Amino acid sequence: MGLLSASNLNKSFGADVIFSGVSFEIQQNDRIGLVGINGSGKTTLLKLLTGEMLPDGGDIFKANATVLGYMEQHVCRDLERSAYSEVLTVFSDLLEMEKELENISLQLQTKPKDIDRLIEKQAALNDRFVAQGGLTCKSRARSALLGLGFDDEQMGLPIGVLSGGQKAKLQLAKMLLCGANLMLLDEPTNHLDISSVEWLEDFLRSYSGSFVVISHDRYFLDRVTNRTFEMENQRLTLYKGNYSTYLAQKDENNLAAQRKYDNTQKEIKRIEGIVAQQRQWNKERSIRTAESKMKVIDRLEKTLEKPDEKPDSIHFDFGIRQRGGNDVLSTEHLALQFDGNQLFRNVDLEIHRGERIFLIGPNGCGKTSLLKTLLGINTPSEGEFRFGAGIDVGYYDQIQAGLHPEKTVIDEIWDSYPKMTQTDIRNALAVFLFKGDDVFKSVESLSGGERARVLLLRLMLSMDNFLLLDEPTNHLDIGSCEALEAALQSYEGTLLIVSHDRYLINKIADRIYYLDKDGAAEYIGGYDSYLEKIRVQAVETAEPAAAKPNEYKLQKEREAFIRKEKAELKRSEAKIDEIETEIDALKEELSKPEVASDYAAAMEITEKIDCLTRESEELFQRWSVLAQKYQE
């Protein structure tokens, strides 16, 4: 079923054409990734779909059954309201119905004259309340917040004291619960740690509607999308498949277009040679042949399509001033606490020259604080750390605090490297896409992505041989992320990177440290390798460990664990069916007039239904994980 379609959309801002001729259709169960460089018009397109902006030309058609959800529409305005109450505002209609049902029950206890009318009204209202999910709305709100990393204490905090990331999560939770069957998501993984992103992935994979998502998280796009829309050169191109599939298709299309263009050019030159030869002979027949061949050239030139030029992108290298020693960093029992709050302890790291190490863990576990401890900004409460001989440390700050808002872009770089000439500075800035008058923009006026490019350039020019990078791909579009990956892969120095970019981790990680309050656990390899080791650890710890188990016994234990999970899958199915039957029976009981008129009895049954629904949801979440695992 078609949910929404667009035909020949055009949008400009002044003389700048953002895009033109944009046409597409969104069907039921479409999971669309919208990609393109910053400024290509992705967010503008979403705003046209919501009606927040109007197109300069073209049409948008929305089916009657389509309910749009857009994350930016749900803004938290009452800063005194608790986080949980803010999410519940999505269900304001249901909450009003619940209050009205309570009022009717109170009226029925007084046995009024119009009791029959009230009972009839109560039954109709209760049917609507149940049908629209009133019995589960509160548990769904709580589950969404838990999934996005809120604990019970944080749910009760007023919005005004929450961080920017937590407020963004609230908007995301409201949007996910708003009942839309077509969601428009603009960078939903920003501010989320890896566990929250994985929860969001699971939610979207089981979501029954359709969505369009703008994201620079390529791992996320690979996990949740089945179509890709690319905005490039003021046009929208549609591809089947997720991000990796789109990349392969795009490369094939570009190669085919280039070959066709080159072959056509060769054919035109070949025919032009024939024409020149025929004209040299200057005979009547030769002239007719030349004229005929010129018509062929005209036809070929009309069909000749020059392949699109690639958009400007960053190409750069991180060089090093000196090689440095083999031992780069060693920490022993490193610990940090603030105001009695223990962030981490017993952190033991060993990093050697040329290694690419990633530091991961949940938000708030102290990853950034650990980097700042190594930089001497924080003082460890216990333990010590040592840098090796000849180690020059460079730092990329995710909050971009090292920039000076009052400076221009060129002065920000020049003041850090005063020995460079203006020409050298401008050439370096051009590589990072600051060209012409862009170099005289104030840092304060730059976007997050532009500020990130300034910081990366300043870091590149430092020539340091040990880089501490805190979320370096935040604010970067996909093209810039890929350029950064290439630069880091060819870097001859050593890297310690805090990141939730799983695609980046898979690309370049030698080792991963998972940080929590009790230390840093080491894992060899990239993110997928880390996930596999976590899964194996879960299997091995599920059964009592035997002394020195051999491989045969381990295999048998794994097979037993699989059988156990498959049995759990079947039990979950049976239990869910049993609970649903019980809920149906309770709903039937609740619909009886004598029960509906008894407020205490009705509320008791409603609480039982709510409790059973929560149990069913918990079972279904576990069932979904197991079903997906063994289906694959």
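Residues numbered from 1 in each chain as written. Predicted model: local features only at pLDDT ≥ 70, side-chain atom pairs only at ≥ 80, totals over all residues. Heavy atoms only, no water.

A. View of helix H16 (residues 478-490). Here H16 spans 19 Å end to end across 13 residues, near enough to the 18 Å set by a 1.5 Å rise per residue. Buried within H16 we find Ile478, Ser480, Cys481, Ala483, Leu484, Glu485, Ala487 and Leu488. (Helix = DSSP H or I, 4+ residues; strand = E, 2+ residues; numbered from the N terminus. Expected span 1.5 Å × (residues − 1). Buried < 20%, exposed > 50% of the residue type's maximum accessible area, 1.4 Å probe, protein only.)

B. Looking closely at the environment of Arg288. With respect to the secondary-structure elements, Arg288 resides in helix H11 (residues 284-303). Relative accessible area serves as the criterion here: at 48%, Arg288 is assigned to the partly exposed category.

C. Structural context of the sheet that holds strand E8 (residues 227-232). The strand order across the open sheet built from 6 strands is E5-E6-E7-E3-E8-E9, with neighbouring strands paired in mixed fashion. Strands with a single pairing partner mark the edges of an open sheet, and in this sheet they are strand E5 (68-70) and strand E9 (235-240). Direction aside, neighbouring strands of the sheet carry axes that sit 20° apart on average. Bridge count for strand E6 (residues 182-186) against strand E7 (residues 210-214) is 5 bridges, and the pairing is parallel. Residue Leu182 lies in a different strand from E7, and its bridge partner there is Ser210. (Pairing = 2+ DSSP bridges. Axes fitted to C-alpha atoms, helices over the stretch in contact; angles between N-to-C directions.)

D. Looking closely at the sheet that holds strand E19 (residues 519-524). With mixed pairing, the 6 strands of this open sheet are ordered in space as E15-E16-E17-E13-E18-E19. Edge positions in the sheet fall to strand E15 (393-396) and E19, since each of these pairs with one other strand and no more. Averaged over all pairs of adjacent strands, the angle between their axes in this sheet comes to 20°, without regard to strand direction. Summarising the sheet, strand E13 (residues 356-360) and strand E18 (residues 511-516) pair through 4 bridges and their orientation is parallel. Looking at the pairing, Leu359 lines up with Tyr513 of E18. Sitting on the sheet, helix H12 (residues 367-374) touches E13, E15, strand E16 (466-470), strand E17 (494-498) and E18, and the angle it makes with E16 is about 150°. Its contacts with the sheet place helix H15 (residues 448-462) against E15 and E16, and it is angled at close to 175° to E15. (Contact = heavy atoms within 4.5 Å.)

E. Examining the packing of helix H13 (residues 409-416) against H15 more closely. At their nearest, the axes of H13 and H15 sit 10 Å apart, and the two run at 20° to each other. As the angle between them shows, H13 and H15 are arranged roughly parallel. Crossing angle aside, the handedness with which H13 passes H15 is right-handed. Of the residues in H15, those touching H13 at Val409, Glu412, Ile413 and Ser416 are Val454, Leu457, Arg458 and Leu461. (Parallel < 35°, antiparallel > 145°, perpendicular 65-115°, else oblique. Left-handed = near helix turned anticlockwise from the far one by under 90°.)

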